[in-house]
Amino acid sequence: MYQKMSERKFLKYMQTKIIKVETGHTGIAEAADVIRRGGLAAFPTETVYGLGADALNPQAAKKIYTAKGRPSDNPLIVHIAEWEDLFTVAREVPGEAKRLADAFWPGPLTMVMKKNERIPCETTGGLDTVAVRMPNHPAALSLIRQSGCPIAAPSANTSGRPSPTEAAHVVADLSGKIPVILDGGPVGIGIESTIIDLTEKTPVILRPGYITKEMLSQTLGRKVVIDSAVVAPDSGKIPKAPGMKYRHYAPRADLIVVTGERQKVVSKINELTDKNHADGRRTGVIATDETKHFYRADQIVSIGARADEDAIARHLYRILRDFDRGDTQIIYSESFATPRIGQAIMNRLLKAAGNHEIIVS
Ligand code: AMP
Ligand code: MG
């Protein structure tokens, strides 16, 4: 019995090779070879690191779910390198897809359309639609081209954990479970792509991201809506992107978001910190450059300058992961409903907090 269990464990373990990449580096060819043979390779994109497999191979797609511990109804995003590749994965390519691609591809926009019969159900979590994106990262594009197939890739983290924004995060979650990780350094954007569903009468944003509703509706010259289950996560409605219904990004400590006027937020967090200290609990704060000096918590981390939305997005997941290394039991975070990508940032932050928010007025 013991023998069998340890054997199984041994068989499952595989040596993970970490390859630093620059465009044209031979390491990309090695990862492409793994993908062509039906294996998995993690790779950098401009949003977060992806865990890739041949999107046309059902057995390969299945391996992604096993490595991540991902629920099988949560579909994968298919990554392509050329516009023409879209016709390999989609049955119908709406005219609006071309306009959005011209404006935003390669880039952090994923479009949902009807799937082609070549895309197996394993890739789409059983749906008859497929989510497609062309990433804006030279290593990702080169990997797709050299693999010679569209690459199905969700974020390269263990299911439920924050998405990886550096190769070290992928190593922490997937080392021993996948054969190769391409290390392209820290990513540029740091939160996942915007997902827009083009199969409805009115285009629907299923997941907010770097490309905003305003940018999309301006390009299309018509109304674009956001999935109501995403706008009001406590409404009991079921999100249209299956992945949006799962708890995500959560650090091990309890995370509570505190929203309101800056001075009041600082006072509230300090008041809560004092209470926790009296009970012997270690607290942390996700602050900004402007406020970090005003807190009394044990671990205070600045996410960046409040006006620098891009930095806030880029640092969020690393900060959530870093808290897991310490012994902080309760984390308070300021709110970041910034003008442009604030909705995307708050969507991730509130998800990480299990929607636990204190509003101070
Ligand atoms: P990840 O790449 O890990 O961020 O996960 C992909 C996200 O895309 C998940 O939230 C999925 O539910 C969503 N997604 C992928 N394919 C589809 C689809 N065909 N329809 C709706 N959502 C999708
Ligand atoms: Mg993910």
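If you're wondering where the values come from, they're calculated on a predicted model, not measured in any experiment.

This part takes up the environment of Leu40. The residue Leu40 is located in the loop between helix H2 (26-36) and strand S2 (41-43) in this model. Given the relative accessible area of 5%, Leu40 is considered buried. A C-alpha to C-alpha distance of 35 Å links Leu40 and Ile331, two positions 291 residues apart in sequence. When neighbours within four sequence positions are excluded, Leu40 is seen to be in contact with Val34, Leu51, Gly52, Ala53, Ala60, Lys63, Ile64, Ala67, Ile178, Pro179 and Val180.

Around ligand 1 there are 21 residues in total, and Asn74, Thr129, Ser155, Arg207 and Gly243 lie nearest to it. The contact in question runs from an oxygen atom of ligand 1 to an N or O atom on the backbone of Ser155, over 3.0 Å. Within the complex, 95% of the 490 Å² of free accessible area of ligand 1 lies under protein. Listed by contribution, the elements that provide at least two residues to the shell around ligand 1 are strand S6 (129-133) and strand S10 (204-207). In terms of residues, the shell around ligand 1 owes the most to one element, S6, which gives three residues. When its residues are assigned to classes, the shell around ligand 1 shows 13 nonpolar, four polar and four charged.

What follows deals with the packing of aromatic side chains. Aromatic ring pairs are described here by two measures, namely the spacing of the ring centres and the angle between the planes. Applying the stated criterion across every chain, the model contains two aromatic pairs. Plain terms: the ring middles of Trp83 and Phe87 are 5.9 Å apart, the flat faces sit at 85° to each other, and that makes the pair edge-to-face. Trp83 sits in the buried class, given a relative accessible area of 19%. One residue, Lys98, lies across the ring of Trp83, its end atom 5.1 Å from the ring centre.

Here we come to the side chain of Thr129. By the element assignment, Thr129 lies in strand S6. Given the relative accessible area of 16%, Thr129 is considered buried. Non-local contacts of Thr129, meaning those with residues more than four positions away in its chain, are made with Val112, Met113, Lys114, Lys115, Thr124 and Thr199.

Judged by nonpolar contacts, the single largest core of 74 residues is most densely connected at Trp105 and Met111. In this structure, Trp105 is in contact with Ile80, Trp83, Leu86, Leu100, Met111, Val132, Arg133 and Met134, ignoring residues within four places of it in sequence. Ile286, Ile303, Leu316 and Met346 belong to the second-largest nonpolar core, a separate cluster that totals 26 residues.

Moving on, we get to the confidence of the model for the protein. Across the protein, the average pLDDT comes to 94, with 96% of residues at or above 70. Below pLDDT 50 for its whole length, residues 1-11 participates in zero contacts with residues either more than four positions away or in separate chains.

Once that is clear, we can look at helix H11 (residues 262-278). For H11, spanning 17 residues, the distance from its first C-alpha to its last is 25 Å, which sits close to the expected 24 Å at 1.5 Å a residue. Those residues of H11 that fall on the buried side of the exposure criterion are Val265, Val266, Ile269, Asn270, Leu272, Thr273 and Asn276. Here the buried residues of H11 occupy an arc of 165° about the axis, which is enough to place them on one side. Exposed residues on H11 whose side chains face more than 90 degrees from its buried face are Lys275 and Ala278.

A few words on the sheet that holds S2. In spatial order, the strands read S1-S8-S2-S3-S7-S4-S6-S5-S9-S10-S11; together these 11 strands make up an open sheet with mixed pairing. Each end of this open sheet is capped by a strand with a single partner; those strands are strand S1 (17-20) and strand S11 (225-226). Bridge count between strand S5 (residues 109-114) and S6: four bridges; the pairing is antiparallel. Pairing of Met111 across the sheet is with Val132, part of S6.

This part is about the packing of H2 against helix H7 (residues 138-147). At their nearest, the axes of H2 and H7 sit 8 Å apart, and the two run at 50° to each other. Of the possible angle classes, the one that applies to H2 and H7 is oblique. The two elements H2 and H7 meet at a crossing, and its hand is right-handed. Mapping the contact onto sequence places Ile28, Ala29, Ala31, Ala32, Ile35 and Arg36 in H2 and Ala139, Ser142, Leu143, Gln146 and Ser147 in H7.

Taken in spatial order, the five strands line up as S14-S13-S15-S12-S16 in an open sheet, and their pairing is parallel. Taken across any chain shown, the strands that pair with only one partner, and hence form the sheet edges, are strand S14 (299-302) and strand S16 (357-359). Strand after strand, the sheet turns through a mean of 20° between neighbouring axes, direction not considered. The pairing of strand S13 (residues 283-287) with S14 spans four bridges and is parallel. If you follow Gly284 over to S14, its bridge partner there is Gln299.

Cut-offs applied
Residues numbered from 1 in each chain as written. Chains lettered and ligands numbered in written order. Predicted model: local features only at pLDDT ≥ 70, side-chain atom pairs only at ≥ 80, totals over all residues. Heavy atoms only, no water. Helix = DSSP H or I, 4+ residues; strand = E, 2+ residues; numbered from the N terminus. Buried < 20%, exposed > 50% of the residue type's maximum accessible area, 1.4 Å probe, protein only. Contact = heavy atoms within 4.5 Å. Near = heavy atom within 4 Å. Polar contact = N/O pair within 3.5 Å; in protein donor to acceptor, adjacent residues only side chain to side chain. Areas by Shrake-Rupley, 256 points an atom, 1.4 Å probe, with all protein chains shown as cover. Nonpolar A, V, L, I, M, F, W, Y, C, P; charged D, E, K, R; others polar. Phe/Tyr/Trp six-rings, centres within 6.5 Å; stacked < 30°, edge-to-face > 60°. Lys NZ or Arg CZ within 6 Å of the ring centre and 35° of its normal. Core = buried A, V, L, I, M, F, W, Y, C linked by side-chain atoms within 4.5 Å. pLDDT = per-residue confidence, 0-100. Expected span 1.5 Å × (residues − 1). Arc of directions from axis to C-beta. Pairing = 2+ DSSP bridges. Axes fitted to C-alpha atoms, helices over the stretch in contact; angles between N-to-C directions. Parallel < 35°, antiparallel > 145°, perpendicular 65-115°, else oblique. Left-handed = near helix turned anticlockwise from the far one by under 90°.

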